[in-house]
Amino acid sequence: LTMVVSLPPQSQTSSLFYGVNNPYLKNGPKGFKEYKILKNGDMYLRIDLPGVPMKAAVEVSLWADDKGVEALVDAPKQHKHDSSQRTYCPIIGFMCGRCKVLRFTSQVCDGVLRLVLTPAARILGGRFLGGADGEETYFCSSAVHWLPYASDPYDPSLTGPVLEPNPSVNEGSPMAYESKRLPNGSLYVRVDMPGVPKDRFTVSVADGRVTVTGEAPAVSHDSDGRFYSGDVALLDTLVTFRRRWIKTIVKDGIIRLIIPNL
């Protein structure tokens, strides 16, 4: 008999998570969102929405006053063992009375939404909604746009001992990790790795540990790529356990594993 034990995310690190948004993130930009001012003055945003299909009907719309945009995006329940579907509603907007969004473009790929906002003006006194937890933060001044709070993807404040929920989740699990024991004794594990294409995931078994890795290349205006890695389960090494015995489902920036209890 091979016993399968789930390893909680806390086992991935001795004291601190590299990024508080994901226990398996090992290097690259941290946080659920990344902001960047482009050379032409446009605002670029990378927003992690794992599970959202590439061809999903992503509803990104301008506010009535043109001061911002909001998205309503569904990540359907892709596997019967998922706890539920997820619905995301990220909100990004200007808070001053003068700054407005002239136009925007959007793209979804591998569980990541990327937006480019073109402001209608760059006027002193503007503020921006979309920093940590959506609080107001200064955005533009003297015709130069300032980035929101915690917009530095390597900000030390994005490292810590406690994982944070995805603030864009309206419905479903806001956490990047889920595991459960199935009635037949198998172990089901879901790990969010937004930005990782389906051919950049790997699963390996060594020394009784099941390890997952994922490489997310930099796309569009991303500051850099991201690398995920970590153990998800511990096996009884008395029995030789082959990688092919693990069912792997990879889709839309999420890897799901069903590890049998032989």
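Everything below is about the structure shown above.
Being a predicted model, the structure only gives us computed values, none of them experimental.

**Q** Please clarify how unusual backbone geometry should be interpreted in this entry.
**A** Negative phi is the rule for most residues except glycine; trans is the rule for most peptide bonds. Phi is positive for Ser220, close to 55°, though the residue is something other than glycine. If you trace the backbone, Ser220 turns up in the loop between strand E19 (209–216) and strand E20 (226–235). Here Asp252, not a glycine, exhibits a phi torsion of approximately 55°, which is positive. On the secondary structure map, Asp252 appears in the loop between strand E21 (247–251) and strand E22 (254–259).

**Q** Looking at this structure, how should I read the sheet that holds strand E17 (residues 187–192)?
**A** Adjacent strands of a sheet pair through backbone hydrogen bonds, lying either parallel or antiparallel. Judged by pairing direction, the sheet is antiparallel, and its 4 strands sit side by side in the order E16-E17-E22-E21 without closing on themselves. Only two strands of the sheet have a single partner each, and these edge strands are strand E16 (177–181) and E21. Neighbouring strand axes in the sheet, compared pairwise and without regard to direction, differ in orientation by 10° on average. As paired elements, E16 and E17 share 5 bridges and run antiparallel to each other. Counterpart to Ser179 in the pairing with E17 is Val189.

**Q** So what exactly am I meant to see when it comes to the pairing of strand E4 (residues 43–48) here?
**A** Residues in a regular strand point their side chains to alternate faces of the sheet. Most of E4 is tucked away, with 6 of its 6 residues classed as buried. Here E4 shows a buried face lined by Met43, Leu45 and Ile47 and a second buried face lined by Tyr44, Arg46 and Asp48. In this structure, E4 lies alongside strand E10 (residues 112–119), joined through 6 bridges in antiparallel fashion. In the strand pairing of E10, Arg46 is matched with Arg114.

Cut-offs applied
- Residues numbered from 1 in each chain as written.
- Predicted model: local features only at pLDDT ≥ 70, side-chain atom pairs only at ≥ 80, totals over all residues.
- Heavy atoms only, no water.
- Helix = DSSP H or I, 4+ residues; strand = E, 2+ residues; numbered from the N terminus.
- Pairing = 2+ DSSP bridges.
- Axes fitted to C-alpha atoms, helices over the stretch in contact; angles between N-to-C directions.
- Buried < 20%, exposed > 50% of the residue type's maximum accessible area, 1.4 Å probe, protein only.

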